[in-house]
Amino acid sequence: MNDPRNVLTSAERHEQLKAIAAALGGLSIAETLGHLINAEIARGTIPDTIPGVTIKRVPDGVYIALDPRHPGPSHVGRRAEAGRTGARSGGPDEAQRDHRH
């Protein structure tokens, strides 16, 4: 099984991605893919959510819940991020709130 963090493309598509990255000011391929995804979010092609992550406003701050059934960054990194934002962790049942990087 392939690692979902790896994207395999043909050599031609890789060259096209590099050309787009250069045209966007020298972005990395990962940053270019993020740019393309954000463009599709803005067009309404895909929803403005992060699979497995729930973010919503609550009376005393921000509620962030991580669903362990979805792959994502390491738990250590997510806990550090939550600590910096003063967020609380919770369950995967909460409604997702739109979030863009």
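Residues numbered from 1 in each chain as written. Predicted model: local features only at pLDDT ≥ 70, side-chain atom pairs only at ≥ 80, totals over all residues. Heavy atoms only, no water.

Examining the packing of helix α1 (residues 11–23) against helix α2 (residues 29–43)
Interhelical geometry of α1 versus α2 gives an angle of 80 degrees and a closest axis separation of 9 Å. With respect to each other, α1 and α2 are oriented roughly perpendicular. Contact residues: α1 offers His14, Leu17, Lys18, Ile20 and Ala21, while α2 offers Ile29, Thr32, Leu33 and Leu36. Residues of the contact of α1 with α2, tallied by class, amount to 6 nonpolar, 2 polar and 1 charged. (Axes fitted to C-alpha atoms, helices over the stretch in contact; angles between N-to-C directions. Helix = DSSP H or I, 4+ residues; strand = E, 2+ residues; numbered from the N terminus. Parallel < 35°, antiparallel > 145°, perpendicular 65-115°, else oblique. Contact = heavy atoms within 4.5 Å. Nonpolar A, V, L, I, M, F, W, Y, C, P; charged D, E, K, R; others polar.)

Section: the side chain of threonine 32
Assignment of secondary structure puts threonine 32 in helix α2. When its relative accessible area of 0% is taken as the criterion, threonine 32 is described as buried. Those residues in contact with threonine 32 that sit more than four places away from it in its chain are Leu17, Ile20, Ala21, Leu24 and Leu27. (Buried < 20%, exposed > 50% of the residue type's maximum accessible area, 1.4 Å probe, protein only.)

Some thoughts on the pairing of strand β1 (residues 53–58)
Bridging between β1 and strand β2 (residues 61–66) involves 6 bridges; their strand directions are antiparallel. Within the sheet, the bridge partner assigned to arginine 57 lies in β2 and is valine 62. Linking two consecutive strands that pair antiparallel, namely β1 and β2, is a turn of 2 residues. (Pairing = 2+ DSSP bridges.)

Remarks on α1
With 13 residues, α1 extends 18 Å between its outermost C-alpha atoms, agreeing within 8% with the 18 Å of an ideal straight helix rising 1.5 Å per residue. The positive-phi residue at the C-terminal boundary of α1 is glycine 25, with phi of around 100 degrees. (Expected span 1.5 Å × (residues − 1).)

Considerations on the confidence of the model for the protein
Summary statistics for the protein give a mean pLDDT of 77 and a share of 66% for residues scoring 70 or more. The weakest mean pLDDT in the protein belongs to helix α3 (residues 75–85) at 45; the strongest belongs to α1 at 97. Counted against residues more than four places away or in other chains, residues 74–101, with its pLDDT under 50, gives 48 contacts. (pLDDT = per-residue confidence, 0-100.)

What to know about the environment of alanine 30
With respect to the element layout, alanine 30 can be found in helix α2. Distance in space between the C-alpha atoms of alanine 30 and leucine 17 is 9.7 Å, their sequence separation being 13 residues.

Concerning a nonpolar patch on the surface
Nonpolar side chains collect at one region of the surface, where Ile20, Leu24 and Leu36 lie side by side and expose about 200 Å² of accessible area between them. Along the chain, isoleucine 20 turns up in helix α1. For isoleucine 20, a relative accessible area of 33% puts it in the partly exposed group. (Patch = residues over 30% accessible without salt bridge, like charges linked within 9 Å, V, L, I, M, F, W, Y side chains within 5 Å. Areas by Shrake-Rupley, 256 points an atom, 1.4 Å probe, with all protein chains shown as cover. Salt bridge = Lys/Arg side-chain N within 4 Å of Asp/Glu carboxyl O.)

Considerations on α2
With 15 residues, α2 ought to run about 21 Å at 1.5 Å a step, and its terminal C-alpha atoms sit 21 Å apart, in line with that. Positioned one or two residues after α2, glycine 44 has a phi angle of 90 degrees, which is positive.

A word on the pattern of salt bridges
Under the criterion given, the structure shown has 2 salt bridges. Across the pair lysine 18 and glutamate 15 runs a salt bridge, and its minimum N-O distance is 3.3 Å. Here glutamate 15 and lysine 18 lie together in helix α1, a separation of 3 residues that amounts to about one turn. Under the relative-accessibility criterion, lysine 18 is labelled partly exposed at 39%. Classification of glutamate 15 by relative accessible area gives partly exposed; the value is 45%. The closest approach of N and O atoms between arginine 43 and glutamate 40, which form a salt bridge, is 3.1 Å. Pair noted here: arginine 43 and glutamate 40 are both in helix α2, with a separation of 3 residues, about one helical turn. Of the residues examined, arginine 43 reaches a relative accessible area of 65% and is grouped as exposed. Glutamate 40 gets classed as partly exposed once you look at its relative accessible area, which sits at 26%.

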